[in-house]
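# Structure at a glance
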Amino acid sequence: NYTVLPPGKWRGVLKLAEPGLIESQTITGETTKLKDYFELPFNMNVEYINDSMHVYLLNGEESIEIENVNFGRDPKTAKDSIRFEFVAFDSYMEGYHEENFIEG
């Protein structure tokens, strides 16, 4: 049992806009619903070395370690939270996790 993320490969998807649906009309007058965002998939690997969790973004053969991985319990929602910080880019990803799923 792992208290944070289980080891192994993970697949993520970034949504590059607010998710939602827009309607589009075809030449024949039919309407269809389209997503108003683009998806950017990525892979990452979680490893444990001496009981310490290490998370790596995978880019082909390249493996980039995420500098700071913080986890805890959100006092507002009582959910387990995780935050990946990319110090070099002054950015982060954060979300809630349970079992084999992260959303945020």
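Look up a bit, the structure's there.
Residues numbered from 1 in each chain as written. Predicted model: local features only at pLDDT ≥ 70, side-chain atom pairs only at ≥ 80, totals over all residues. Heavy atoms only, no water.

## Comments concerning the sheet that holds strand β5 (residues 52-59)
- Taken in spatial order, the 4 strands line up as β1-β4-β5-β6 in an open sheet, and their pairing is antiparallel. The open sheet terminates on both sides in strands that have one partner only, identified here as β1 (8-15) and β6 (62-65). This sheet shows a mean twist of 35° between the axes of neighbouring strands, independent of strand direction. (Pairing = 2+ DSSP bridges. Helix = DSSP H or I, 4+ residues; strand = E, 2+ residues; numbered from the N terminus. Axes fitted to C-alpha atoms, helices over the stretch in contact; angles between N-to-C directions.)

## Looking at unusual backbone geometry
- We note that D51 has phi near 65°; this positive angle belongs to a residue other than glycine.
- Relative to the helices and strands, D51 resides in the loop between β4 (39-49) and β5.
- By relative accessible area, which is 79% here, D51 ends up exposed.
- Unusually for a residue other than glycine, A78 sits at a positive phi of about 60°.
- With respect to the element layout, A78 can be found in the loop between β7 (68-73) and β8 (80-86). (Buried < 20%, exposed > 50% of the residue type's maximum accessible area, 1.4 Å probe, protein only.)

## Considerations on the sheet that holds β8
- In spatial order, the strands read β7-β8-β9-β10; together these 4 strands make up an open sheet with antiparallel pairing. The sheet is open, and its two edges are formed by β7 and β10 (101-103), each paired on a single side. Going across the sheet, the axis of each strand differs from the next one's by a mean of 30°, ignoring polarity.
- Two elements, β8 and strand β9 (residues 91-98), share 6 bridges in a ladder whose sense is antiparallel. The residue of β9 that forms the bridge with S81 is Y96.

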